[in-house]
Amino acid sequence: MREPTDDTETHTPLLFGRVLDGQGGARPIGWEEAQNWQPAAPGEVLWVHLCRNRPGVQQWLENELHVPEPTAELLTSDQTRPRAFVEGETLVGTLRGINFNPGAEPEDMISMQLWCDGNRLVTLRRHPLQTPREIVAMLDRGIGPPDAGATITLLAELLITRMSQAIVDMNQVLDDLEDDDPDEHAEEMLKRISTIRRNCLGLKRHMAPQHEALEQISRDAPYWFEDHDRREIAESIARLRRYLDDIDISKESAVVLQDELRARSLASSEHATYMLTIVAGIFLPLSFLTGLLGINVGGMPGMDDPDAFWGVVALCGFLFIALIVVFRRLRWL
């Protein structure tokens with residue numbers, strides 16, 4: 001029978017459950033057993049991954065884990081701004097990860113709430129998230145985190161690592177746009193640049209508070225969060241800080257490229273307008289002359305002269321050349 005994972009539809013709130021053995025391995029656990037679980041051996045840790053919008057989740061948090069009602073509401077709500085705080089000996093937090101589900105944009109980040117007292121770790125999400133699946137696969141192979149603190153640290157690390165791929169993809173798109181021909185694909189390039197700027201803003205909006213949440217965990221985590229876990233969190237914080245700087249650089253690069261394209265477009269439009277003005281300036285006197293000679297009133301000179309037409313043509317040619325010379329002297333051409 002296939003074990004439930006993060007993207008499995010189940011009849012209970014449980015998406016998957018594991019009991020960590022403290023050695024990097026874990027055994028599966030069902031929802032019925034998980035609700036009243038107690039450690040059977042030293043070092044065992046229960047990890048349950050729940051769908052937070054399923055019925056009964058908040059009641060289980062309050063009744064079985066004795067989570068205060070405001071905290072239980074936070075863990076099951078859609079208030080998903082990244083944050084973290086300590087409540088007695090428990091750690092409560094909200095983290096966000098890149099949405100790699102089909103049809104999603106990078107800035108459509110998925111939130112994951114967590115609650116942990118050192119012996120039991122509860123993570124909750126609404127939409128499928130890849131990071132918990134990856135850690136479960138490691139546990140099933142016997143190479144996963146040994147305890148709750150290491151699991152939280154690894155969750156944060158993998159969430160941040162997946163963000164880096166979105167940043168790399170955006171930078172690759174920017175590099176391709178810089179090599180593209182703006183004269184042929186200017187409109188398409190501007191659309192793609194606008195998308196990149198939108199992605200940068202979305203990532204920055206969620207990653208900046210996530211940076212603060214991880215700092216809060218590193219600084220105020222309970223006693224069961226060991227020193228090596230704090231060091232790993234500190235490394236994740238430093239990596240996230242670099243990614244935030246990379247986002248700023250990508251955003252500025254997109255702005256520069258967008259401004260350059262708009263400047264080229266504006267210069268091209270101004271040049272076309274300028275050339276039309278020059279053409280109008282040249283033909284305005286000629287139009288006036290031909291219009292004057294074309295009025296149908298008596299007394300027009302040359303009406304009976306068979307060579308008058310060629311005389312008018314010569315006069316127009318002379319006037320055209322004179323205007324070209326004058327415009328060149330004025331440096332309009």
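Residues numbered from 1 in each chain as written. Predicted model: local features only at pLDDT ≥ 70, side-chain atom pairs only at ≥ 80, totals over all residues. Heavy atoms only, no water.

## Some thoughts on the overall build of the chain
Item 1. Helix and strand counts for the chain stand at 8 helices and 7 strands.
Item 2. Relative to a compact globule of 333 residues, whose C-alpha radius of gyration would be 20 Å, the chain shows 35 Å and is clearly more extended.
Item 3. Seen through its C-alpha atoms, the chain measures out along the principal axes to roughly 120 × 40 × 35 Å.
Item 4. Across the 333 residues of the chain, 42% fall into the buried class.
Item 5. Of all intrachain contacts in the chain linking residues separated by at least 6 positions in sequence, the fraction that spans at least 24 positions is 66%.
Item 6. Entry remark: accessible area of the chain is about 18000 Å², with carbon and sulfur atoms responsible for 54%.
Item 7. Of the charged side chains in the chain, 32 are positive and 52 negative, and the gap between their average positions amounts to 2 Å. (Helix = DSSP H or I, 4+ residues; strand = E, 2+ residues; numbered from the N terminus. Rg over C-alpha atoms; globule rule 2.2 N^0.38 Å. Buried < 20%, exposed > 50% of the residue type's maximum accessible area, 1.4 Å probe, protein only. Contact = heavy atoms within 4.5 Å. Areas by Shrake-Rupley, 256 points an atom, 1.4 Å probe, with all protein chains shown as cover. Lys, Arg positive; Asp, Glu negative; His and termini not counted. Charge placed at Lys NZ, Arg CZ, Asp CG, Glu CD.)

## Examining helix α8 (residues 308-329)
Item 1. Over its 22 residues, α8 extends 31 Å from the first C-alpha to the last, a length consistent with the 32 Å expected when each residue adds 1.5 Å.
Item 2. The set of residues buried in α8 consists of Cys316, Leu323 and Phe327. Down the axis of α8, the buried side of the element spans an arc of 30°, and every buried residue falls inside it. In α8, those exposed residues whose orientation departs by more than 90 degrees from the buried face are Trp310, Phe318, Ile321, Arg328 and Arg329.
Item 3. The inward-facing, buried residues of α8 abut α7 (227-293). (Expected span 1.5 Å × (residues − 1). Arc of directions from axis to C-beta.)

## Overview of the side chain of Ser77
Item 1. Of note, Ser77 is situated in the loop between α3 (69-76) and β4 (83-87).
Item 2. We classify Ser77 as buried; its relative accessible area is 18%.
Item 3. Setting aside residues up to four positions removed in sequence, Ser77 forms contacts with Arg52 and Gln113.

## Observations concerning a negative patch on the surface
Item 1. A cluster of acidic side chains, namely Asp175, Asp176, Glu178, Asp179 and Glu260, defines a negative patch on the protein surface.
Item 2. Counting residues per element, the negative patch draws most heavily on helix α5 (residues 148-179), which supplies 4 residues.
Item 3. Mapped onto the elements of the fold, Asp179 is located in helix α5. (Patch = residues over 30% accessible without salt bridge, like charges linked within 9 Å, V, L, I, M, F, W, Y side chains within 5 Å. Salt bridge = Lys/Arg side-chain N within 4 Å of Asp/Glu carboxyl O.)

## Details of the nonpolar core
Item 1. Trp47, Ile152, Met207 and Leu214 are the most contacted members of the largest nonpolar core, which totals 54 residues.
Item 2. Elements supplying a minimum of two residues to this core: β1 (14-20), β3 (45-51), β5 (90-97), β6 (110-116), α4 (130-140), α5, α6 (182-220) and α7.
Item 3. Per element, the largest residue contribution to this core is 14 residues, and it comes from α5.
Item 4. With 21 residues, the next largest nonpolar core counts Leu14, Leu61, Ala72 and Leu74 among its residues. (Core = buried A, V, L, I, M, F, W, Y, C linked by side-chain atoms within 4.5 Å.)

## A word on the pairing of β6
Item 1. For β6, the tally of buried residues reaches 7 of 7 residues, placing the bulk of the element in the interior.
Item 2. The two faces of β6 match: Ile110, Met112, Leu114 and Cys116 on one face and Ser111, Gln113 and Trp115 on the other face are all buried.
Item 3. With 7 bridges joining them, β5 and β6 adopt antiparallel strand pairing. Bridging across to β6, Val92 finds its partner in Trp115.
Item 4. With 5 bridges joining them, β6 and strand β7 (residues 120-125) adopt antiparallel strand pairing. Residue pairing across strands places Cys116 opposite Leu121, the latter belonging to β7.
Item 5. Taking the residues between adjacent antiparallel strands as the criterion, β6 and β7 are bridged by 3 residues, where Gly118 takes a positive phi near 100°. (Pairing = 2+ DSSP bridges.)

## A word on the pattern of salt bridges
Item 1. This model, assessed by the stated rule, comprises 6 salt bridges.
Item 2. We note a salt bridge from Glu33 to Arg27, for which the minimum N-O separation is 3.4 Å.
Item 3. Exposure remark for Arg27: the relative accessible area of 34% places this residue in the partly exposed category.
Item 4. A salt bridge links Lys204 to Asp248; the nearest nitrogen and oxygen atoms lie 2.8 Å apart. In this pair, Lys204 sits in helix α6 while Asp248 sits in helix α7, placing the two residues 44 residues apart along the sequence.
Item 5. Here Asp248 falls in the partly exposed class, since its relative accessible area comes to 24%.

## Describing the packing of α5 against α7
Item 1. Closest axis-to-axis distance for the α5/α7 pair is 10 Å, and the angle between their directions is 20°. By the angle between their axes, α5 is roughly parallel relative to α7. Our pair here, α5 against α7, has a crossing hand that is left-handed.
Item 2. For the contact of α5 with α7, the residue count by class is 13 nonpolar, 7 polar and 6 charged. (Axes fitted to C-alpha atoms, helices over the stretch in contact; angles between N-to-C directions. Parallel < 35°, antiparallel > 145°, perpendicular 65-115°, else oblique. Left-handed = near helix turned anticlockwise from the far one by under 90°. Nonpolar A, V, L, I, M, F, W, Y, C, P; charged D, E, K, R; others polar.)

## Points about the confidence of the model for the chain
Interpreting fine coordinate detail is not advised for predicted regions of low pLDDT.
Item 1. Confidence along the chain averages 82 in pLDDT terms, with 90% of residues attaining 70 or more.
Item 2. Overall, residues 1-5 carries pLDDT values under 50, and its contacts beyond four positions in sequence, including any with other chains, amount to 9 contacts. (pLDDT = per-residue confidence, 0-100.)

## Considerations on α5
Item 1. Taking 1.5 Å of rise per residue, 32 residues should cover 46 Å, and α5 covers 48 Å from first to last C-alpha, within 8% of that figure.
Item 2. N-capping of α5 is provided by Asp147, with a side-chain oxygen placed 3.4 Å from the backbone N of Gly149. (Polar contact = N/O pair within 3.5 Å; in protein donor to acceptor, adjacent residues only side chain to side chain.)

## Details of the sheet that holds β3
Item 1. Here we have 7 strands laid out as an open sheet, ordered β2-β1-β3-β7-β6-β5-β4, and mixed in their pairing. Two strands in the sheet have a free side with no partner beyond their single neighbour: β2 (26-28) and β4. Strand-to-strand twist in this sheet, taken as the mean axis angle between neighbours without regard to direction, amounts to 15°.
Item 2. Summarising the sheet, β1 and β3 pair through 6 bridges and their orientation is antiparallel.

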